[in-house]
Structures are given as structure tokens and as C-alpha cells.
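Descriptive analysis of the structure
Here is what each chain is made of, one letter per residue.
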Amino acid sequence: MGRRTMIRRLAGQAWMIARSFAAARRGRGVARTARLALYEVLFDLRHGTDTSMEPPGRATAHEGTNPLLFAEILRHAGFAADGRALVDFGAGKGRALMLAAEHGFGTAIGVESSPELCAIATANIARYGRRRPGALSVTCADAASFEVPPEVTVAYLFNPFGADTMRAVVDRIRESLDRAPREFHVVYLNPRHAGPFLGAGFIVEHRRPDALLLRRPR
Ligand SMILES: C[S@@+](CC[C@H](N)C(=O)[O-])C[C@H]1O[C@@H](n2cnc3c(N)ncnc32)[C@H](O)[C@@H]1O
């Protein structure tokens, strides 16, 4: 690992931990915050990947899903991962794709608009895949124009973009469901723009302050 990469990773992790403890003061509790921080740091150490947060001021704003949160939220999903195909809209450095593989999804496709983050995600997946083969991939594209393949039954979003892009993404999902009717699930973390999903016939299956699970019946 190069010195610049090492410095960037350490800066990202220090920033994430400082931010987490600031959040703890706002009510999360120190024990919970420490646990989340531990899961955050251990992911890259376990897998030899670089999925840490980008420090502020960088053009590529990125924050990976916390592995503990991912596990907690999936427990409330009304479906089993069991070999399903998932798309992560706004895949960043690919952490959620690797978490999806860990939790039993058969295929995880990332869509990411930043070429720099796409390159990092691709390298991460290659490193991760050496030990755990799985169908993980990243497409460098604008999520607004990504055509959702018919085998995909779960969309994953970690507050990746604003209302306009979200409306376009929901249109792409609707088009895919029109072409190949099927039940479809959405796992949405920090759900700031859920309106387009509700307008497209999705129903809320589970709600917590930091996540929304939605489903559209066949
Ligand atoms: C919070 S990060 C999520 C990282 C990843 N999903 C995870 O959970 O580990 C959001 C990502 O969405 C990407 N993004 C923002 N707008 C996008 C768009 N229109 N198309 C594709 N990706 C986009 C950003 O570059 C950023 O990497």
C-alpha cells in the first residue's frame, strides 16, 4: 500500500471516528457509537480493502455503510437474501456490495458516478473476491440512466443523491418491473427522498429513524 493511500485511509477513519463521537453526544450513546466505530474499522482490516470515508473537502464525498447497521437493517427485511440479485445505487467504494455478498446475496451490482470511486470499488472487489468468490461488479454510470436488469429484486441506497435523481431511478425500476413483472424490495438508509417510491406503489414494510424498507408487490 502506498504512503498516500495509507494517509488517506487513516485520515478517513480518524474523521469518521471523530464524527461518530460527535453524534454520540447528540444521543446515540457512547457504547453504541464505540461498537459502530469498531465494526467500521474492522471491515478493512479483515478484508484488506479501502472502504473508509473520504475526509471532508474531497471532491468524491463518500461514506460506506456501517457493517453493523447493514446486518441490523437486513434482519427486518421481508425477504431472505438467498442468492438474490441486488443493485446498490451510488456504490461508492463498494462496501455495501461486499456486505451483500457476506449476507447471502448471489449477485451485487454497484452503480457509481465518480470514476475515482469506481476504480477504488473495482480494486476492493478484486481483493475481496480472491477470498470469497461472488458475482460482484461496479458500473461507472449515472444511476439516473441505469437500466435495471430483470434478475434484480432488491435496490439498495445509502442516501446517495437528491430528489431529481431519485425520481429518475424510480422510473428506471418501474420500467424494469413493467418489462419483467416481479416483487421488488428497496433498502434505503438515511431515507431523505422516499416520496418517488411511495408514488410508484411501494409500501413501507419497516421504518426506523435511519432506514426504510419498502416493497412493491408483483
Ligand atoms: C453514501 S455513498 C454510498 C456508498 C455505498 N452505497 C455503501 O453503502 O457502502 C453515496 C455514493 O453515491 C454516489 N452518487 C451520487 N450521485 C450519483 C449518481 N447520480 N449516480 C451514481 N452514483 C452517485 C456518490 O459518488 C457516492 O459515492
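On a predicted model such as this, the values are computed, not experimentally measured, just so you know. (Residues numbered from 1 in each chain as written. Predicted model: local features only at pLDDT ≥ 70, side-chain atom pairs only at ≥ 80, totals over all residues. Heavy atoms only, no water.)

1. Overview of the overall build of the protein chain
- For the protein chain, the count of helices and strands is seven helices and seven strands.
- The order of helices and strands in the protein chain, counted from the N terminus, is α-α-α-β-α-β-α-β-β-α-β-α-β-β.
- In the protein chain, which comprises 218 residues, the proportion classed as buried is 50%.
- Carbon and sulfur atoms make up 53% of the accessible area of the protein chain, which amounts to about 10,400 Å² in all. (Helix = DSSP H or I, 4+ residues; strand = E, 2+ residues; numbered from the N terminus. Buried < 20%, exposed > 50% of the residue type's maximum accessible area, 1.4 Å probe, protein only. Areas by Shrake-Rupley, 256 points an atom, 1.4 Å probe, with all protein chains shown as cover.)

2. Topic: helix α3 (residues 67-74)
- With eight of its eight residues buried, α3 lies for the most part within the structure.
- Buried within α3 are the following residues: P67, L68, L69, F70, A71, E72, I73 and L74.
- Where α3 is buried, its residues touch α2 (30-47), α4 (95-102), β4 (152-158), β5 (184-189), β6 (203-208) and β7 (211-216).
- For α3, the N-terminal capping position is held by N66, with its side-chain oxygen 2.8 Å away from the main-chain nitrogen of L68. (Contact = heavy atoms within 4.5 Å. Polar contact = N/O pair within 3.5 Å; in protein donor to acceptor, adjacent residues only side chain to side chain.)

3. So, the pattern of salt bridges
- Scanning all chains against the criterion turns up 11 salt bridges.
- Put simply, R46 and E102 hold a salt bridge, and the shortest N to O gap is 3.6 Å. In this pair, R46 is assigned in helix α2 and E102 in helix α4, connecting sequence segments 56 residues apart.
- Across the pair E147 and R179 runs a salt bridge, and its minimum N-O distance is 4.0 Å. Placement of E147 in the loop between β3 (135-140) and β4 and of R179 in helix α6 (residues 163-179) is noted, with a sequence separation of 32 residues between them.
- Residue classification places E147 among the exposed residues on the basis of a relative accessible area of 59%.
- Salt bridges sharing partners connect three or more residues here, namely R32, E72, R208 and D210. (Salt bridge = Lys/Arg side-chain N within 4 Å of Asp/Glu carboxyl O.)

4. A closer look at the packing of aromatic side chains
- If you walk through the whole model with that rule in mind, you get six aromatic pairs.
- Ring centres of F70 and Y156 lie 5.5 Å apart, and the angle between their planes is 50°; this geometry places the pair in the tilted category. Taken as a pair, F70 in helix α3 and Y156 in strand β4 lie far apart in primary sequence, 86 residues in all. Residue F70 shares its accessibility class with Y156, and that shared class is buried.
- Chaining the aromatic ring pairs together yields one cluster made of F184, Y188, F197 and F202. (Phe/Tyr/Trp six-rings, centres within 6.5 Å; stacked < 30°, edge-to-face > 60°.)

5. A word on the side chain of D210
- Summarising the element assignment, D210 is placed in the loop between β6 and β7.
- Among the polar contacts made by the side chain of D210, one reaches the side chain of R208 at a distance of 2.5 Å.
- Not counting residues within four places of it along the chain, the set of residues in contact with D210 comprises L69, Y188, L189, N190 and P191.

6. Re the sheet that holds β6
- Pairing in this open sheet of seven strands is mixed, and the strands run β3-β2-β1-β4-β5-β7-β6 from one edge to the other. Two strands in the sheet have a free side with no partner beyond their single neighbour: β3 and β6. Pairwise comparison of adjacent strand axes, ignoring direction, gives a mean angle of 15° for this sheet.
- Note that strand β1 (residues 85-89) and β4 share four bridges and pair parallel. From the neighbouring strand, V87 faces β4, where its bridge partner is A155. (Pairing = 2+ DSSP bridges. Axes fitted to C-alpha atoms, helices over the stretch in contact; angles between N-to-C directions.)

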